[in-house]
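Chains, contacts and geometry: an overview
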Amino acid sequence: MTDTKKSCLTMDKMWQRHCPSPETVTLSEMACAYDGLVACLTQRDQPLVIKQLVSEWPLVQAARMGNESLCEYLLKYDRGAVVDAIRLPASADGRMFYNDDMNGFNFTRAKMPFKNALAALLSQQHDAMADTLYVGSTTVDTCLPGLLETNKIALASLNPLGTLWIGNKSRIAAHYDAPDNLICVASGKRRVTLFPPSQTKNLYVGPLHFTPAGQAISMVDFSEPDLKQYPRFERAIEHALVVELLPGDALYIPSMWWHHIEGTESINLLINYWWRDVPAYIGRSENVLYHALLTLKQLPEPQREAWRALFDFYVFDSDGARFNHIPLSKQGPLGELDENTVRQFKAWLVNNLKH
């Protein structure tokens, strides 16, 4: 780590200021036009910032006129939807996390009409000590039907899921998502800190089964990292990428990249799009990890190493010809998979899990 990063980390804790940004382009600099966005993103395994990708959205234009204009625009699409809202005391400085005993969380959840959440955000927009109010992971088509049709993006061939995230000051702990992700900032500012999957060990990840929002999170407080408790985090910082996104900007986050997201304004709104490169019938890759923890993790080390070799051969080896000695009709899950084959072997697996 450079001396600049070290002094920053030990003195004012603002280490993110000294981290490089992801590759950043404008639409005119992209190797493909806006209509070729899918081709540009699906070929990447690194984050990409696209400046002002959605600057022409009516949603972004409304937000630039002020918070009142933004909320008025959103309410045009509101059909009385009730959303999950998180409330967090101002003393937490926006950080949604565990409570001190780690037997719960430092925030509360409540159902409320979406219009009430907007009214609450507007009412406290000038209060620097306001409690955090956050509505996250809300499916746009359910909450605000028609909004995505008016504010389009050229991802239709991926059949992405569009979700909305709105609130005041917030800090979302570093986590990963299995799908690919494109986040588009409509209002406010978002600072995003990214780490490649290779840094998982250095991020001090918390429980898998007991999480604030479904995904395991880094236990490190990015605003004040404690290197005595989390010394390997210093290695993670060497690989960190940091970007501040303004209204109209977009950020592509590849599958499995860790990302920490901060909302810094009185109302911050982003819409993100999630998609997978495999059909939905393939299922959740996380289930493999959970089952391995219950079985392989318990074995003696020599046996775990043997299973590592088997996984390398059957799953991770890129030699597409390694099963050619087996007749196609007998390759089963070793060969090409269609929906019928997947469902057949899932049923076989479920039956085996009963024993």
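Our structure's up above, just so we're on the same page.
My aim in this report is to walk through the structure given alongside it, one point at a time. In this text, all values refer to a predicted model and were calculated from it rather than measured experimentally. (Residues numbered from 1 in each chain as written. Predicted model: local features only at pLDDT ≥ 70, side-chain atom pairs only at ≥ 80, totals over all residues. Heavy atoms only, no water.)

**Focus: the layout of surface pockets**
Where empty space is left becomes clear once a probe the size of a water molecule has been rolled over the atoms. Stated formally: In this analysis the probe radius is 1.4 Å and the grid spacing 1 Å, with only protein atoms considered; a cavity is a set of points the probe fits into but cannot get out of, a pocket is an open set with protein on both sides within 12 Å along at least five of seven lines, and lining residues have an atom within 4 Å of a point. Grid points are joined across faces, edges and corners, and a volume is the space filled by probe spheres set on the points. Labels follow the DSSP assignment, with helices taken as runs of H or I lasting at least four residues and strands as runs of E lasting at least two, numbered in each case from the N terminus.
Space inside the second largest pocket adds up to approximately 660 Å³. Around the second largest pocket, the lining comprises 32 residues; the ones closest to its centre are Tyr 134, Gly 136, Ser 137, Trp 165 and Ala 213. Per-element accounting of the lining of the second largest pocket gives the leading share, 5 residues, to strand 6 (residues 132-139).

**Considerations on the packing of helix 4 (residues 67-75) against helix 5 (residues 114-123)**
The line we're drawing: Helix axes use the C-alpha atoms of the stretch in contact, all axes being lines fitted to C-alpha atoms, and the angles between their N-to-C directions lie in the range 0 to 180 degrees. Reported orientations rely on four angle classes, namely roughly parallel under 35 degrees, roughly antiparallel over 145, roughly perpendicular from 65 to 115, and oblique for the rest. It only takes one pair of heavy atoms within 4.5 Å for two residues to be counted as in contact. In this count, Pro and Cys sit with the nonpolar residues alongside Ala, Val, Leu, Ile, Met, Phe, Trp and Tyr, while Asp, Glu, Lys and Arg are called charged and the others, Gly among them, polar.
It is the contact of helix 4 with helix 5, at a shortest axis distance of 11 Å, that shows an interaxial angle of 175°. Considering the angle they form, helix 4 stands roughly antiparallel to helix 5. For the pair helix 4 and helix 5, the contacting residues are Asn 67, Glu 68, Cys 71, Leu 74 and Leu 75 in the first and Phe 114, Lys 115, Leu 118 and Leu 122 in the second. Its residues assigned to classes, the contact of helix 4 with helix 5 comprises 6 nonpolar, 1 polar and 2 charged.

**Let's talk about the environment of Ser 218**
To keep things clear, this is the line we draw: Residue burial is assigned from relative accessible area. The probe radius is 1.4 Å, only protein chains are included, and a residue is buried under 20% of its type maximum, exposed over 50%, and partly exposed in between. Distance and chemistry together define a polar contact, namely a pair of N or O atoms within 3.5 Å, with one atom able to donate a hydrogen and the other to accept it when in protein, and with adjacent residues in sequence counting only for side-chain atoms on both sides.
Mapped onto the secondary structure, Ser 218 falls in the loop between strand 10 (190-195) and helix 8 (233-237). What makes Ser 218 buried here is its relative accessible area of 1%. Those residues in contact with Ser 218 that sit more than four places away from it in its chain are Phe 97, Ala 173, Ala 174, Leu 203, Tyr 204, Val 205 and Trp 258. Of the polar contacts made by the side chain of Ser 218, one reaches the backbone nitrogen of Val 220; its length is 3.2 Å.

**Quick look at the packing of aromatic side chains**
Selection rule: Within 6.5 Å between ring centres, the rings of Phe, Tyr and Trp (the latter by its six-membered ring) count as paired, and their orientation is classed by plane angle as stacked under 30 degrees, edge-to-face over 60, tilted in between.
Here the structure, examined in full by the defined rule, presents 19 aromatic pairs. Relative to Phe 233, the ring of Phe 222 has its centre 5.2 Å away and its plane inclined at 45°; by these criteria the two rings are tilted. A residue pair is termed long-range when its members are at least 10 positions apart, and Phe 222 in the loop between strand 10 and helix 8 and Phe 233 in helix 8 qualify at 11 residues. Three or more aromatic residues link up through ring pairs in this structure, and these residues are Phe 97, Tyr 98, Phe 105, Phe 107 and Phe 210.

**A short note on unusual backbone geometry**
Phi is positive for Asn 159, which is not a glycine, with a value near 50°. Following the sequence through the fold, Asn 159 ends up in the loop between helix 7 (147-150) and strand 7 (161-167). The exposed category is assigned to Asn 159, whose relative accessible area is 68%. We note that Tyr 204 has phi near 55°; this positive angle belongs to a residue other than glycine. With respect to the helices and strands, the residue Tyr 204 is situated in the loop between strand 10 and helix 8. Take Tyr 204: its relative accessible area is 16%, and that puts it in the buried class.

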